Amino acid sequence: MTEKIFNSIVGMEEENALKFAKEYLNDGGDPQKLLDVCREAMDEVGEKFEKGEYFLSELLLSGEIFKGIMDLTLPLLKESEVETIGKIVLGTVQDDIHDIGKNIFKAFAEAAGFEVIDIGVDVPEEKFVEAVKEHNPDIVGMSCLITAGINPMKRTVEALKEAGLTGAKIIIGGGRVDEEIKEFSGADAWADDAARGVRLCKELLGLGVEG
Ligand code: B12
């Protein structure tokens, strides 16, 4: 079934993708596994875009399909009530409007017990600074999927430091981050996977990590 879901996303068959995803969940499929499969399919779509086989319209449609599947899946991840273990201010960096991964990370973090203040996409450094002043989070999370977002991410880390807001740990995530970008931007941690991101957030706060 997961193969059918993968193929219908990559093949831009929106109705089938949603139908198969519903069936998979109704049959007791693992919601996290479903999101992983969707993400692999999005990678494939991204590669086709890079090769010139797909265009912006396909990127957009794949985003819509993914959102539809997320709407079915995320409530299942949040089903169990959990105690609050920390606060995260989260946004996609300036010049970047991708929000699917950010929203998934948010759902995973909330499911793990974090309170998440989502400040949206294309967020300029001043807005991060304002939000950190207002909410005093334990962690600032920045999502970045495109190369154009790297410098804004570095500027945001600097702006937080300049404003004296050094209390919160900074984690960056999304398809365009790695160890090198972490070093470049001055962040404390990076993750290109929501579950790992949540584990790192716990580690940054010195909380025990199980599993
Ligand atoms: C869907 C999509 C779009 C949709 C976005 C819809 C939306 N609402 O988000 C639309 C059509 C709008 C779009 C636009 C563009 N896109 Co686009 N897009 C994609 C695509 C196919 C999938 C992205 C996605 O959602 N992936 C799935 C999610 C789940 O993965 P993820 O974001 O990595 O998130 C996971 C982890 O990284 C992590 N995570 C995410 N955020 C965070 C944050 C924290 C703090 C933590 C801890 C973890 C974490 O958790 C998630 C779950 O595990 C990618 C290809 C790809 N492989 O990524 C291209 C891609 C990102 N896009 C690309 C490009 C070029 C563009 C455009 C510039 C195209 C254009 N010519 O206009 C514009 C940019 C607009 C802008 N200013 O931002 C390039 C970027 C290349 C680059 N290096 O810069 C990519 C890589 C495609 C490619 N291979 O060329 N895009």
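Source: prediction; values computed, not measured.

1. Thoughts on the packing of aromatic side chains
- All told, the structure shown has 0 aromatic pairs when counted by the stated rule.
- Here the basic side chain of K48 rests over the ring of Y54, its NZ or CZ set 5.7 Å away from the ring centre.
- Seen from the ring of F184, K154 lies directly overhead, with NZ or CZ sitting 4.6 Å from the centre.

2. Focus: the domain arrangement of the protein chain
- The assigned domain composition of the protein chain is domain 1 (2–77) and domain 2 (86–204).
- The C-alpha centroid of domain 2 is placed 25 Å from the C-alpha centroid of domain 1.
- Across the contact, 10 residues belong to domain 1 and 10 residues belong to domain 2.
- Roughly 780 Å² of surface becomes buried between domain 1 and domain 2 when both sides are summed, with 73% attributable to carbon and sulfur atoms.
- The largest contributions to the domain 1 side of the interface with domain 2 come from R39, M70 and L77, which together make up 43% of the buried area.
- Taken together, the connections running from domain 1 to domain 2 amount to 1 salt bridge.
- Among the salt bridges present, the one from D99 reaches K67, with a minimum N-O distance of 3.5 Å.
- The residue inventory of the side of domain 1 that touches domain 2, partitioned by class, reads 6 nonpolar, 2 polar and 2 charged.

3. Comments concerning the environment of A187
- Summarising the element assignment, A187 is placed in the loop between α8 (179–185) and β5 (189–191).
- Judged by its relative accessible area of 8%, A187 falls in the buried class.
- C-alpha of A187 to C-alpha of L74: the two residues are 113 residues apart in sequence and 28 Å apart in space.
- Non-local contacts of A187, meaning those with residues more than four positions away in its chain, are made with V157, I170, I172 and K182.

4. With respect to the pairing of strand β4 (residues 169–173)
- A large share of β4 lies buried, amounting to 4 of its 5 residues.
- Relative to β4, strand β3 (residues 139–143) is paired through 5 bridges, and the arrangement is parallel. Bridge assignment links I139 to a residue of β4, and that residue is K169.
- After leaving β4, the chain enters α8 and then returns to the sheet as β5, a path that is right-handed.

Basis of the calculations
- Residues numbered from 1 in each chain as written.
- Predicted model: local features only at pLDDT ≥ 70, side-chain atom pairs only at ≥ 80, totals over all residues.
- Heavy atoms only, no water.
- Phe/Tyr/Trp six-rings, centres within 6.5 Å; stacked < 30°, edge-to-face > 60°.
- Lys NZ or Arg CZ within 6 Å of the ring centre and 35° of its normal.
- Domains from an automatic or database assignment.
- Contact = heavy atoms within 4.5 Å.
- Buried area = accessible area lost by both parts, 1.4 Å probe.
- Salt bridge = Lys/Arg side-chain N within 4 Å of Asp/Glu carboxyl O.
- Nonpolar A, V, L, I, M, F, W, Y, C, P; charged D, E, K, R; others polar.
- Helix = DSSP H or I, 4+ residues; strand = E, 2+ residues; numbered from the N terminus.
- Buried < 20%, exposed > 50% of the residue type's maximum accessible area, 1.4 Å probe, protein only.
- Pairing = 2+ DSSP bridges.
- Right-handed = clockwise from strand over helix to strand, strands pointing away.

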